Amino acid sequence: TGPVNQLLYDGLQVLQHRGQDAAGIATAEGGRFHMHKGPGLVRDVFRTRNMRNLVGNWGIAHCRYPTAGSAYNAAESQPFYVNSPFGLMLAHNGNLTNSDQLKQDMFLQDLRHMNTNSDSEVLLNVLAHELQVASQNRYQVDPETIFRAVSGVHRRVRGAYAVVAMIAGYGLLAFRDPFGIRPLVIGRNDTEHGPEYLVASESVALDTLGFRMLRDVEPGEAI
């Protein structure tokens, strides 16, 4: 498949109504992540030079609306990145109801520090910790390990969340909270190079980008 940056940009334009406060795109090429994000509308955040640096054929994107934290803090725009384990990039829609407790628990028990007031950063660090536990510090990842880690996230996190995440050297992960409060759909596009998959918060993104809607991501499911 070809470069994904323009596809993600076009998808954000279609989903701009989901949030006008900030936007971000992260892509992956080989073992490296590339990211650009900032406050404002999609068309204002991404210039030609930014798009040129977003190389790679898979990635995630997000446009932010005011949830936890400050809508005016550029550091709270998504995606968020943490380098251990494996290298993780995450974007999420929703609100966590036990974010403060999780932040305290992670600082005291998991030895993880939060740098913003965003509950997306909390969610990323919970996922990172659960991945580390599930892999038993062997620093290798397979589907069973990932799904075990997501089950750990479901056990600890309360509230609404629909998540897309990138795991360096492995691939894309998407999951919803067990109650399916926030929407998440998956679509497919068959090309001459093989199938492409797209996960989005609304099916309008699939339609606009030429993907066929497969189904909703089920509540509590990880793919």
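Nothing here was measured: the structure is a model prediction, and the numbers come from that model.

Caption draft 1: Representation of the pattern of salt bridges in the model. Counted under the stated rule, the structure contains seven salt bridges. Among the ionic pairs, D190 bridges to R212, the shortest N-O distance being 3.8 Å. Of the two residues, D190 sits in strand 8 (residues 185–191) while R212 sits in strand 10 (residues 212–216), which places them 22 residues apart along the sequence. Given the relative accessible area of 48%, D190 is considered partly exposed.

Caption draft 2: Focus on the packing of aromatic side chains. Taken as a whole and assessed by the stated rule, the structure comprises three aromatic pairs. Seen from their ring centres, F33 and Y81 are 6.0 Å apart, and the 85° between their planes marks the pair as edge-to-face. Of the two residues, F33 sits in strand 2 (residues 32–39) while Y81 sits in strand 4 (residues 80–82), which places them 48 residues apart along the sequence. Classification of F33 as buried rests on a relative accessible area of 18%. Plain terms: the ring middles of Y161 and F175 are 6.2 Å apart, the flat faces sit at 75° to each other, and that makes the pair edge-to-face. On the criterion of sequence distance, the pair formed by Y161 in strand 6 (residues 159–167) and F175 in strand 7 (residues 171–176) is long-range, its members being 14 residues apart. We note K37 situated over the ring of F80; from NZ or CZ to the ring centre the distance is 4.6 Å.

Caption draft 3: Geometry of helix 1 (residues 5–14). Taken as a whole, helix 1 has its buried residues at N5, L8, Y9, G11 and L12. Within helix 1, the buried residues cover an arc of 160° as seen down the axis, which keeps them to one side.

Caption draft 4: How the structure looks around the layout of surface pockets. Size it by volume and the largest pocket reaches roughly 880 Å³. Considering the residues around the largest pocket, the lining is formed by 40 residues, among which G59, L172, Y197, L198 and V199 are closest to the centre. For the lining of the largest pocket, the secondary-structure elements that each account for two or more residues are helix 1, strand 3 (58–64), strand 5 (88–96), strand 6, strand 7 and strand 9 (194–200).

Caption draft 5: Region of the structure containing the side chain of N50. Secondary-structure assignment places N50 in helix 3 (residues 48–53). Reaching out from N50, the side chain makes a polar contact with the backbone nitrogen of R47 at a distance of 2.8 Å. Not counting residues within four places of it along the chain, the set of residues in contact with N50 comprises H36 and V45.

Caption draft 6: Local environment of helix 5 (residues 119–134). Along its 16 residues, helix 5 runs 22 Å from first to last C-alpha, staying within 8% of the 22 Å computed at 1.5 Å per residue. With 14 of 16 residues buried, helix 5 lies mostly within the body of the structure. The N-capping residue of helix 5, defined by a side-chain oxygen 3.1 Å from the backbone nitrogen of S120, is S118. With its phi angle positive at about 55°, Q136 sits one or two positions after the end of helix 5.

Caption draft 7: Up close: the pairing of strand 3. Of all seven residues making up strand 3, five are buried, and the element is well covered by its neighbours. Note: strand 1 (residues 22–29) against strand 3, seven bridges, orientation antiparallel. Paired with A26 across the strands is I60, a residue of strand 3.

Caption draft 8: Expanded view of the nonpolar core. L127, V153, V157, Y161, L173 and F175 are the most contacted members of the largest nonpolar core, which totals 28 residues. Broken down by secondary-structure element, the contributors of at least two residues to this core are strand 4, strand 5, helix 4 (99–110), helix 5, helix 6 (143–156), strand 6 and strand 7. Ignoring any residue separated from it by four or fewer positions in sequence, one finds V157 in contact with L96, N98, L102, L123 and V126. Within the second largest apolar cluster, 20 residues are counted, among which are I25, V185, L209 and F211.

Caption draft 9: Representation of the sheet that holds strand 1 in the model. Strand order in the open sheet made by the three strands is 2-1-3, with antiparallel pairing throughout. Whereas interior strands pair on both sides, the edge strands pair on one side only; in this sheet they are strand 2 and strand 3. When the angles between neighbouring strand axes are averaged without regard to direction, this sheet yields 10°.

Caption draft 10: Quick peek at the environment of L124. Looking at where L124 falls in the secondary structure, it is placed in helix 5. Put simply, L124 and E29 are 95 residues apart on the chain and 21 Å apart in space, counted from C-alpha to C-alpha. Beyond its immediate sequence surroundings of up to four residues, L124 is in contact with F80, Y81, V82, L88 and L90.

Criteria and cut-off values
Residue positions within a chain follow its written sequence, with the count starting from 1. Two thresholds apply to this predicted model, a pLDDT of at least 70 for residue-level local features and 80 or more for giving and counting side-chain atom pairs, whereas whole-chain, interface and lining totals are computed over all residues. Side-chain numbers come from the whole structure's heavy atoms, not from hydrogens or water. Each salt bridge in this description consists of a side-chain nitrogen of Lys or Arg and a carboxyl oxygen of Asp or Glu lying within 4 Å of one another. Numbering of helices and strands starts at the N terminus; helices are DSSP runs of H or I of at least 4 residues and strands are runs of E of at least 2. The cut-offs for exposure are 20% and 50% of the maximum accessible area for each residue type, with area from a 1.4 Å probe on protein chains only; residues under the lower value are buried, those over the upper are exposed, and the others partly exposed. Think of it this way: a Phe, Tyr or Trp ring, Trp meaning its six-membered ring, pairs with another when their centres are within 6.5 Å, and the plane angle makes it stacked under 30 degrees, edge-to-face over 60, tilted otherwise. Look at NZ for Lys and CZ for Arg. If either is within 6 Å of the ring centre and within 35 degrees of the ring normal, a charge sits over the ring. The arc in question is the one traced by the directions running from the helix axis out to the C-beta atoms. A 1.4 Å probe that fits into a set of points on a 1 Å grid over the protein atoms alone but cannot get out defines a cavity; an open set with protein on both sides within 12 Å along at least five of seven lines defines a pocket, and lining residues are those with an atom within 4 Å of a point. Grid points are joined across faces, edges and corners, and a volume is the space filled by probe spheres set on the points. Under this definition, polar contacts are N or O atom pairs within 3.5 Å; protein pairs additionally need one hydrogen-donor-capable and one acceptor-capable atom, and for neighbouring residues in sequence, both atoms have to be side-chain atoms. The contact definition used throughout considers only heavy atoms, calling two residues in contact when any of these lie within 4.5 Å. By this rule, a helix spans an expected 1.5 Å times one less than how many residues it contains. By this definition, two strands are paired if DSSP reports at least two bridges between them. Remark: nonpolar core denotes a set of buried residues (Ala, Val, Leu, Ile, Met, Phe, Trp, Tyr, Cys) joined through side-chain atoms within 4.5 Å. To get an axis, a line is fitted to the C-alpha atoms, and for a helix only the part in contact is used. The angle between two axes follows their N-to-C directions and goes from 0 to 180 degrees.

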